[in-house]
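Analysis of the macromolecular model
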Amino acid sequence: MSARGGTATPGGAAQGEVPRSEAGSSALPMSRKLRGLSDLLRPYRGRVVLALLSLVLATAASLAPPYLAKLAIDNAIVPGDAGALDLIVAAFIGSALLYWAATYAQTYLVGWVGQRALQDLRVRIFAHVQNQSIGFFSRNKTGVLISRMTNDIQALDQLVTDGVVSLFSSTLTLIGVVVILVLLDAKLALVTFLTLPVLGAASIVFRYYARGAYRHVREKIANVTAYLQESLSGVRVIRAFAQEPRHLKRFDELNDEHRAANMRTVYLNAAYFPGVELLSSLATGMILLYGGYQVIDGNVTIGVLVAFIGYLQSFFDPIQQLSNLYATYQQGMAALEKIFGLLGTAPDMKDREGAQDLGQIRGDIELERVSFCYDPGVEAAAGGETGCDLEGDGAGDGVGDGERVQWALRDVSIRVPAGETLALVGETGAGKSTLAKLVARFYDPQSGAVKVDGQDLRDVTQKSLRRQLGIVPQEGYLFSGSVRDNIAFGRPQATDVEIAAAAAAVGAHDFVMRLPQGYDTDVGERGSRLSAGQRQLVALARALIADPRILILDEATANVDVRSEVAIEHGLHRLLAGRTAIVIAHRLSTVMNADRIAVLDGGRIAEIGTHDELIEAGGVYSKLYREWSELAAA
């Protein structure tokens with residue numbers, strides 16, 4: 001089987017793509033994550049440099065007070081030099097003012113850069129997800145994708161705005177304190193450093209267990225978000241079947257898993273951070289004991305001992321802050337891993353190099369010996385088609401009879417002349433929706449070619465095809481906003497007159513005018529304030545005003561009542577006039593007036609012709625029509 005144009009196999013992994021179980025779930029090397037973080041901050045490197053300079057000044061100012069206290073005791077208070085004391089106090093106030101100004105500048109600059117960088121990242125993620133193929137959304141839960149832009153961005157926010165500052169500030173403070181302690185008194189410094197081996201060993205153990213714990217937390221919160229999104233979207237079905245207790249139980253299980261994952265981090269923090277405090281207290285006690293004897297013996301001044309006690313807190317605080325930062329760092333790195341894993345997911349469908357603009361089309365559609373199958377285990381978004389094994393006997397011509405190959409379409413050849421309406425009928429899973437998806441180029445076939453006006457769709461840009469193609473799905477999806485906004489969705493520049501004309505043409509104008517604010521009425525989330533028939537009429541008006549040359553109707557009347565169906569049928573008649581159309585329907589009343597009807601069975605075209613011709617032939621269509629007529633009569 002061949003695939004032209006360098007596109008990835010439908011549903012298959014593109015080069016460099018992460019595994020498909022969850023977008024962004026594979027482990028990324030540390031260099032990749034740090035490089036990604038650096039790329040986020042690069043556009044604002046000037047402000048980053050200013051923030052770092054402010055941080056250095058703030059750190060230097062924060063280290064001054066204990067040393068100034070030592071000078072005040074040894075050089076002013078003990079000798080009784082009031083002038084020296086005044087100068088030292090002035091220096092103390094100056095260092096406080098410098099710390100205030102530098103900290104203000106650092107906090108503002110870091111916050112500004114962090115929020116801008118994360119704003120850019122949100123837009124980047126959203127644009128990347130928007131460019132993914134339809135198969136991507138079949139493989140990944142919507143809630144998990146939402147979690148990437150909410151929970152993971154929030155974790156990254158803490159890392160970028162708080163973590164980076166703590167990292168540099170604590171590191172500089174720790175280095176500065178170590179240098180000052182050694183310069184003040186090397187022996188006292190060595191006594192302080194006796195705690196470092198114990199502290200280092202504890203930190204290594206903490207970091208080892210914390211790494212996996214925080215990654216586990218990110219996965220569990222993504223599962224909670226995904227289930228919450230799915231439950232809220234399907235709340236009507238849950239209510240209809242009285243399954244609230246079942247969903248509450250499942251949500252409680254996921255929530256408990258998230259709590260358990262968080263408790264692992266709580267146990268780690270509870271064991272580690274009080275231990276650091278204990279070491280700090282022990283070190284202070286040792287310095288008081290050893291340093292006190294040194295002062296009594298006259299080997300160390302009181303000022304030096306006071307400065308040492310002051311710096312001891314500055315010695316252990318950065319260590320604790322760095323350990324705290326490690327928790328933030330692990331959360332941020334786990335989030336960064338998920339985010340850049342998602343951003344590293346290459347779209348299945350992409351324009352090949354040198355793809356041409358389709359230009360204005362007539363609408364002639366042709367499928368040449370097309371065979372197509374979905375990924376193993378991946379179901380089609382509609383139609384219930386199952387996956388296939390590309391290693392089956394069908395390799396090469398795409399129509400082999402190997403049992404391991406489950407084709408959604410097998411060796412299909414058909415031409416739909418410009419302006420003709422072709423209806424597709426057949427049992428569920430026969431391949432109707434798959435054929436429509438190939439025409440819309442949501443997927444590419446494994447073998448054969450799909451052409452529009454004689455041009456293989458793999459040789460043209462997707463954008464040039466989609467702007468001349470309209471789709472009305474089984475359930476008309478409306479966005480939050482007014483009726484006007486939804487009708488003009490595919491053509492935002494449409495005037496009010498054009499919007500009203502499109503609505504009138506499909507039979508939607510009358511009901512719209514009866515709404516409280518007419519065309520300005522808010523339809524609610526997913527059009528919840530309108531009936532199923534009203535939503536579908538708005539969807540038809542939306543398709544009409546976009547003026548597509550090719551129109552795909554996928555069960556457009558399946559979810560409406562008989563009265564609404566009649567109104568929609570009138571709208572369809574106006575909508576289909578002069579356009580090439582592919583109409584998928586189970587209700588045969590919808591397709592009887594089509595120019596031709598193709599009956600699909602097991603991924604093949606079983607028969608094709610007009611309604612009368614197929615009835616006269618007495619084949620599959622005749623049987624389907626007879627069964628449908630009996631059901632309609634009943």
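Higher on the page you've got the structure.
A brief report on the enclosed structure follows. (Residues numbered from 1 in each chain as written. Predicted model: local features only at pLDDT ≥ 70, side-chain atom pairs only at ≥ 80, totals over all residues. Heavy atoms only, no water.)

1. Regarding the overall build of the protein
Counting secondary structure elements, the protein contains 20 helices and 10 strands. Looking at the protein as a whole, 48% of its 634 residues are labelled buried. Pairs at least 24 residues apart make up 79% of the contacts formed inside the protein by residues separated by at least 6 positions. With the model as given, the accessible surface of the protein reaches about 30,400 Å², and the carbon-plus-sulfur share is 57%. (Helix = DSSP H or I, 4+ residues; strand = E, 2+ residues; numbered from the N terminus. Buried < 20%, exposed > 50% of the residue type's maximum accessible area, 1.4 Å probe, protein only. Contact = heavy atoms within 4.5 Å. Areas by Shrake-Rupley, 256 points an atom, 1.4 Å probe, with all protein chains shown as cover.)

2. Re the sheet that holds strand S8 (residues 580-584)
The strand order S6-S7-S8-S3-S9-S10 describes an open sheet built from 6 strands, whose pairing is mixed. Looking at the sheet topology across the chains shown, the edges are occupied by strand S6 (469-472) and strand S10 (604-609). Averaged over all pairs of adjacent strands, the angle between their axes in this sheet comes to 20 degrees, without regard to strand direction. Where S6 meets strand S7 (residues 550-554), 4 bridges bridge the pair, whose relative direction is parallel. Looking at the pairing, Gly470 lines up with Leu551 of S7. Against the sheet, helix H12 (residues 432-439) engages strand S3 (421-425), S6, S7, S8 and strand S9 (596-601), with an angle of about 150 degrees to S8. (Pairing = 2+ DSSP bridges. Axes fitted to C-alpha atoms, helices over the stretch in contact; angles between N-to-C directions.)

3. Here we look at the sheet that holds strand S1 (residues 365-372)
Pairing is antiparallel in the open sheet, where 4 strands are placed in the order S2-S1-S4-S5. Two strands bound the open sheet, and with one partner strand each, they are strand S2 (409-416) and strand S5 (455-456). Pairing analysis gives 2 bridges linking strand S4 (residues 447-452) to S5, with the strands arranged antiparallel. For Val452, the partnering residue across the bridge sits in S5 and is Gln455.

4. Brief notes about the packing of helix H2 (residues 45-77) against helix H3 (residues 82-130)
The interhelical angle for the contact between H2 and H3, taken along N-to-C directions, is 160 degrees, at an axis separation of 7 Å. Between H2 and H3, the angle is such that the two are roughly antiparallel. Regarding H2 and H3, the two cross each other, and that crossing is left-handed. Here the contact of H2 with H3 is composed, by residue class, of 28 nonpolar, 6 polar and 1 charged. (Parallel < 35°, antiparallel > 145°, perpendicular 65-115°, else oblique. Left-handed = near helix turned anticlockwise from the far one by under 90°. Nonpolar A, V, L, I, M, F, W, Y, C, P; charged D, E, K, R; others polar.)

5. Section: the layout of surface pockets
Estimates place the volume of the second largest pocket at around 550 Å³. Along the wall of the second largest pocket there are 27 residues; nearest its centre are Leu37, Gly163, Val164, Leu167 and Phe168. Only helix H1 (30-41), H2, H3, helix H6 (151-184) and helix H11 (302-343) provide two or more residues apiece to the lining of the second largest pocket. Ranked by residues supplied to the lining of the second largest pocket, first place goes to H6 with 7 residues. The class makeup of the residues in the lining of the second largest pocket is 21 nonpolar, 3 polar and 3 charged. (1 Å grid on protein atoms, 1.4 Å probe; cavity = no way out; pocket = protein on both sides within 12 Å on 5 of 7 lines; lining within 4 Å. Points joined across faces, edges and corners; volume = space filled by probe spheres on them.)

6. A word on the packing of aromatic side chains
Taken as a whole and assessed by the stated rule, the structure comprises 7 aromatic pairs. For the ring pair Phe372 and Tyr374, a centre distance of 4.8 Å and an interplane angle of 85 degrees mean the geometry is edge-to-face. Considered together, Phe372 and Tyr374 belong to a single accessibility category, that of buried residues. Measuring from ring centre to ring centre gives 5.4 Å for Phe372 and Tyr443, while their planes differ by 50 degrees; the resulting arrangement is tilted. Here Phe372, found in strand S1, pairs with Tyr443, found in the loop between H12 and S4; they are 71 residues apart in sequence, far enough to count as distant. In this pair, the class of Phe372 matches that of Tyr443, namely buried. (Phe/Tyr/Trp six-rings, centres within 6.5 Å; stacked < 30°, edge-to-face > 60°.)

7. Section: the environment of Thr265
Residue position: Thr265 is located in helix H10 (residues 244-296). Look at Thr265 and you get buried, because its relative accessible area is 5%. In this structure the C-alpha to C-alpha distance between Thr265 and His216, which are 49 residues apart in sequence, comes to 9.9 Å. Thr265 has contacts with Ala213, Tyr214 and Val217, leaving out every residue within four places of it along the chain. Within the structure, the side chain of Thr265 is placed 2.5 Å from the backbone oxygen of Asn262, a separation counted as a polar contact. (Polar contact = N/O pair within 3.5 Å; in protein donor to acceptor, adjacent residues only side chain to side chain.)

8. Considering the nonpolar core
One recurring pattern in soluble globular proteins is that nonpolar side chains are buried together. Residues Ile487 and Val591 are the most contacted members of the largest nonpolar core, which totals 43 residues. Looking at which element gives the most residues to this core, the answer is helix H17 (residues 532-545), with 8 residues. Every residue in contact with Val591, bar those within four places of it in the chain, is listed here: Ala423, Val425, Val583, Ala585, Ile597 and Tyr621. Counting 33 residues, the second-largest nonpolar core is a separate cluster that includes Val439, Ala440, Leu469 and Ile584. (Core = buried A, V, L, I, M, F, W, Y, C linked by side-chain atoms within 4.5 Å.)

9. Structural notes on the pattern of salt bridges
Inspection of every chain in the model, using the stated rule, returns 17 salt bridges. In this structure, Asp456 and Arg458 form a salt bridge, with 3.2 Å as the shortest nitrogen-oxygen distance. In this structure, Asp456 and Arg458 share a single accessibility class: buried. Among the ionic contacts, a cluster of salt bridges with common partners joins Arg484, Asp496 and Asp520. (Salt bridge = Lys/Arg side-chain N within 4 Å of Asp/Glu carboxyl O.)

10. Quick word on H3
Helix length check: H3, at 49 residues, gives a terminal C-alpha distance of 71 Å against a target of 72 Å (1.5 Å per residue), a fit within 8%. Capping the start of H3, Asp81 holds a side-chain oxygen 3.2 Å from the backbone nitrogen of Gly83, two or three residues further along. (Expected span 1.5 Å × (residues − 1).)

11. As for a nonpolar patch on the surface
A contiguous nonpolar patch, built from Ile77, Leu85, Val89, Phe92, Ile93 and Leu97 and spanning about 540 Å² of accessible area, is present on the exposed surface. Within the secondary structure, Ile77 is located in helix H2. (Patch = residues over 30% accessible without salt bridge, like charges linked within 9 Å, V, L, I, M, F, W, Y side chains within 5 Å.)

12. What to know about the environment of Arg542
Along the polypeptide, Arg542 turns up in helix H17. Residue Arg542 is classed as buried on the basis of its relative accessible area, which comes to 14%. Through-space distance from the C-alpha of Arg542 to that of Ala503 is 8.2 Å; in sequence the pair is 39 residues apart. Leave out the neighbours within four places in its chain, and Arg542 touches Tyr477, Leu478, Phe479, Asn486, Ile487 and Phe489.

13. Focus on unusual backbone geometry
The residue Asp411 is not glycine, and still its phi comes out positive at about 55 degrees. Along the polypeptide, Asp411 turns up in strand S2. Asp411 sits in the partly exposed class, given a relative accessible area of 26%. The phi dihedral of Asp547 falls on the positive side, at around 55 degrees, and the residue is not glycine. Along the chain, Asp547 turns up in the loop between H17 and S7.

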